[in-house]
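An overview of the molecular structure
Chain residues, written in single-letter form:
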Amino acid sequence: MSRIVTAFNRTVVEYFRETSLNGFGLLYFIRKRRVQRIFWFLFISVGVCFAGFIVFLIILDYLTYSTIAELSELKVLEEEMNYPELQVCSGYRFSRRKMLSYAHDLVYSHNNKSQDFWLKELSLLTGYFDPLSVKPDEVFHINSLLQKENISSLILGLTPACESLILKCKINRMAVKCSELFILKAYSQGNCCVLNKDNLTGELSLFLDSSQEDAYPLMENFPGFSLHVPSWLGRLSVNPGEKAAIQIEVMELQGNAQLKEYAIEERGCYFPQEGESREKCLDECRIKATLINCQCVPYPFELSKENFKHCTLENITCLQSVEENWSPAQCPQCLPLCNQLFYRLNKQVLGYLHPWRSELNFKFKTPHRQLYTTNILNHWYQMLSNIGGVLGVCIGCSFISGFELIYFMVFRLWSNYLRQPEM
């Protein structure tokens, strides 16, 4: 037998005879009792295998889920419950009376075309919001007209005005001018009246008009209004004639500053200095996809920070291709913010008014915010403590036991090797 094998066997015997691990020494002291030794060996083997399996799961869980979200409730003062960027959108993307007026003007400047012809052509402007709603072979005449027009101004000018949509406004039951609260802004889904007053609190009441004078039937149009707030949970529709109470529920996501220790991909969110909101990031990602494929910026052009060529219906074939193939999954870099507010809208119909009128009363559901706190699931020392606990329960192992094993398998093995006579 070689010197190293002899030295190893001697070292193993010494280890089991002198180890501080309770139970392991029995393999030496009951070596003449074969049945008991086999039983104890199997028992220890099961403990080692079970401990190894649990330690593997702990490490895998630590690497897979580095953070944990805890739910609590945060009470805030009523004056600290500020309204989000509320969008009130007409179900009609274009105003019938404005379309008729503009078509009437076009008849005088283009004597060879009728008003019905221009109304049909102007309907193709919906392609700026939904490229798939028009056919490429239908846009020739409208393209020649749009070359002489400012597209943004034209589309905003043909949209139902905020003054005609929102007739009366009240804050805490006190009348205010709606023009001081709402402005018309362009969005990819349509032009909407947006709450433009910061730090607005309390109860907000709106008296809306879905007048038939603005009804212009197009694809995906509907009578009434849609409401939006900056959250995928914050969307609902209002039918004409409804008197409704709208409750705003606020949820806050708060990320622990210690999450910065992790890479952005691991924690799955941005802190303010690292990136912008997911909604803005997706808008920019979609613009980049259109720029790459069509060499122009899609409507609304204001979303682009650079001065690129604006897309027109002349690019409709390319825009349709982008619309059919683009999805948020193509933008994995667009992550939510670690600290942000989410809003949910809930509607309760209280009754019905005139068929063309709607009344909405907005209030916060409670003076509380549901607080989701994202913390580190386990620090390295907590994981080490968990592993140590498992090893201690299963096989009675500790740091000292680990260094003891290293001592025997290195220093004592080398000492026994040197003591063996050369063959």
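Calculation rules
- Residues numbered from 1 in each chain as written.
- Predicted model: local features only at pLDDT ≥ 70, side-chain atom pairs only at ≥ 80, totals over all residues.
- Heavy atoms only, no water.
- Patch = residues over 30% accessible without salt bridge, like charges linked within 9 Å, V, L, I, M, F, W, Y side chains within 5 Å.
- Areas by Shrake-Rupley, 256 points an atom, 1.4 Å probe, with all protein chains shown as cover.
- Salt bridge = Lys/Arg side-chain N within 4 Å of Asp/Glu carboxyl O.
- Lys, Arg positive; Asp, Glu negative; His and termini not counted.
- Charge placed at Lys NZ, Arg CZ, Asp CG, Glu CD.
- Helix = DSSP H or I, 4+ residues; strand = E, 2+ residues; numbered from the N terminus.
- Buried < 20%, exposed > 50% of the residue type's maximum accessible area, 1.4 Å probe, protein only.
- Contact = heavy atoms within 4.5 Å.
- Pairing = 2+ DSSP bridges.
- Axes fitted to C-alpha atoms, helices over the stretch in contact; angles between N-to-C directions.

Let's talk about a positive patch on the surface
Taken together, the side chains of Lys168, Lys170, Arg173 and Lys363 make up a positively charged region of the molecular surface. Topologically, lysine 170 is positioned in strand 3 (residues 166-171). Since its relative accessible area comes to 39%, lysine 170 is described here as partly exposed.

Topic: a nonpolar patch on the surface
Together, Leu384, Phe399, Phe403, Ile406, Tyr407, Val410 and Phe411 make up an exposed nonpolar region whose accessible area comes to about 760 Å². A total of six residues in the nonpolar patch trace back to one element, the largest contributor, which is helix 14 (residues 399-419). Assignment of secondary structure puts phenylalanine 411 in helix 14.

Looking at the side chain of asparagine 361
Structurally, the position occupied by asparagine 361 is in strand 12 (residues 357-364). Relative accessible area serves as the criterion here: at 16%, asparagine 361 is assigned to the buried category. Apart from residues no more than four positions distant in its own chain, asparagine 361 is found in contact with Glu203, Leu204, Ser205, Ala244, Ala245 and Ile246.

What to know about the sheet that holds strand 6 (residues 190-195)
Spatial ordering of the open sheet is given by 5-6-2-8-9, a layout of five strands whose pairing is antiparallel. At either margin of the open sheet sits one strand with a lone partner, and together these are strand 5 (182-187) and strand 9 (235-238). Neighbouring strand axes in the sheet, compared pairwise and without regard to direction, differ in orientation by 30° on average. As paired elements, strand 2 (residues 87-90) and strand 6 share two bridges and run antiparallel to each other.

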